[in-house]
Amino acid sequence: MLYLPYLLMSMIIQGFLKFAEGDIMQNLFTIFAAGPGMLGLFKFINVIIYRKQLKSVMDRLSAMFPEADKPVLQQIARDSLKRTWILFTACVSVFSASIIDWLIRPPITALIHHEKTRIVDTWPVFLDTWLQWFLSYLLQCPGIVLLGHSNYMYDVIYFCTSDVILCHFKLLNYKLKHMVLTDNEKSTNELISCVKYYTNLLGVRMCRMQFICQNGLMQKHQTKKRF
């Protein structure tokens, strides 16, 4: 966990050193990488802090899919989840390709031009020998991969979870439109089932979860102020 802050701080320190030397233009890439890297670190920490809430939301959404007990409802669920999988796969593919581009640049430069470069410039600089270059490359790879995926994974989880919630609302909409209200036990049970379904959906909405998280942080802050 301490490795990521170390990597970011070494990038920032190197940027300041180059700025003091008047060589800031050659390190703009590192400076621009440090900003999204810091954002990715905060997102990564946020996911770790609220991992139980995220898991609870996902488990509850998955547990509600047995409500799609008819072939028509199952088809609606498949069509909606297909869009979710397309969104997830597209985001992972695009950003993974971008991360791979960062990772393969130093080896390709070393093979073609015989130059020792790094993924990002960090402090201290270890490029005197090819062994130092190789060790520096191995040290930076995990951090760059983790920070790169952290930048979008938090958002993908949010959008995909929201899309699944919309899928459940489509299922509920179909059930309500095709419900026949009569004075019998079957109709009453269907109505009660839809009400429970809707109540469960309200309980797992991401906006509600975010409100609970923010409310918890505010309560902690107020408690610290009192003491």
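Being a predicted model, the structure only gives us computed values, none of them experimental.

To continue, consider the overall build of the protein chain. Counting its regular elements, the protein chain contains seven helices and zero strands. Counting only residues that meet the buried cut, the protein chain has 30% of its 227 residues in that class. A separation of at least 24 residues holds for 72% of the contacts in the protein chain among residues at least 6 apart in sequence. A total accessible area of about 14,800 Å² is found for the protein chain, and carbon and sulfur atoms account for 68% of it.

Once that is clear, we can look at a nonpolar patch on the surface. A surface patch of nonpolar side chains, about 500 Å² in accessible area, is lined by Ile100, Ile104, Ile108, Leu111 and Ile112. Here Ile112 lies in helix H4 (residues 71-113).

Our focus in this paragraph is the confidence of the model for the protein chain. Taken residue by residue, the protein chain gives an average pLDDT of 77. The fraction at 70 or more is 77%. Averaged over each element, pLDDT in the protein chain is lowest for helix H7 (residues 206-226) (47) and highest for H4 (87). Low pLDDT (under 50) marks residues 215-227, which in the prediction has one contact with non-local residues, meaning those over four places away or in another chain.

Before going further, it helps to examine the side chain of Asp163. One can find Asp163 in helix H5 (residues 130-177). Apart from residues no more than four positions distant in its own chain, Asp163 is found in contact with Ser80, Arg83 and Thr84.

With 48 residues, H5 ought to run about 70 Å at 1.5 Å a step, and its terminal C-alpha atoms sit 69 Å apart, in line with that. Where H5 bends most, the angle comes to about 30°, and this point is Ser150.

Turning next to the UniProt feature "transmembrane region" (unreviewed entry) in the protein chain. The sites that carry the UniProt feature "transmembrane region" (unreviewed entry) are, in the present numbering, residues 28-50, 85-104 and 130-148. Strand forms 0% of residues 85-104 and helix 100%; the C-alpha atoms that close the span are 28 Å apart. Regarding residues 130-148, the helix share stands at 100% and the strand share at 0%, and the terminal C-alpha atoms are separated by 26 Å.

As a further point, take the packing of aromatic side chains. This structure, assessed with the given rule, holds six aromatic pairs. Relative to Phe88, the ring of Trp85 has its centre 6.1 Å away and its plane inclined at 90°; by these criteria the two rings are edge-to-face. In this pair, Trp85 and Phe88 are both assigned in helix H4, three residues apart and thus about one turn of the helix distant. Since its relative accessible area comes to 58%, Trp85 is described here as exposed. According to the relative accessible area criterion, Phe88 is partly exposed, its value standing at 30%. Aromatic pair Trp130 and Trp133: ring centres 5.5 Å apart, planes at 80°, arrangement edge-to-face. With a gap of three residues between them, Trp130 and Trp133 both fall in helix H5, about one helical turn apart. Cluster of aromatic residues (ring-pair linked, three or more members): Trp130, Trp133 and Tyr137.

With that out of the way, let us pick up the packing of helix H3 (residues 51-63) against H5. The N-to-C vectors of H3 and H5 enclose an angle of 30°; their axes lie 11 Å apart at closest approach. Compared by their axis directions, H3 and H5 come out roughly parallel. In the packing of H3 onto H5, the handedness of the crossing is left-handed. Where H3 approaches H5, its residues Leu54, Val57, Met58 and Leu61 are matched on the opposing element by Ile157, Thr161, Val164, Ile165 and His168. For the contact of H3 with H5, a count of residues per class yields seven nonpolar, two polar and no charged.

Reading the values: the criteria
Residues numbered from 1 in each chain as written. Predicted model: local features only at pLDDT ≥ 70, side-chain atom pairs only at ≥ 80, totals over all residues. Heavy atoms only, no water. Helix = DSSP H or I, 4+ residues; strand = E, 2+ residues; numbered from the N terminus. Buried < 20%, exposed > 50% of the residue type's maximum accessible area, 1.4 Å probe, protein only. Contact = heavy atoms within 4.5 Å. Areas by Shrake-Rupley, 256 points an atom, 1.4 Å probe, with all protein chains shown as cover. Patch = residues over 30% accessible without salt bridge, like charges linked within 9 Å, V, L, I, M, F, W, Y side chains within 5 Å. Salt bridge = Lys/Arg side-chain N within 4 Å of Asp/Glu carboxyl O. pLDDT = per-residue confidence, 0-100. Expected span 1.5 Å × (residues − 1). Bend = angle between axes of the 7 residues up to and from the residue. UniProt positions renumbered as here; feature names shortened; annotations may be inferred. Phe/Tyr/Trp six-rings, centres within 6.5 Å; stacked < 30°, edge-to-face > 60°. Axes fitted to C-alpha atoms, helices over the stretch in contact; angles between N-to-C directions. Parallel < 35°, antiparallel > 145°, perpendicular 65-115°, else oblique. Left-handed = near helix turned anticlockwise from the far one by under 90°. Nonpolar A, V, L, I, M, F, W, Y, C, P; charged D, E, K, R; others polar.

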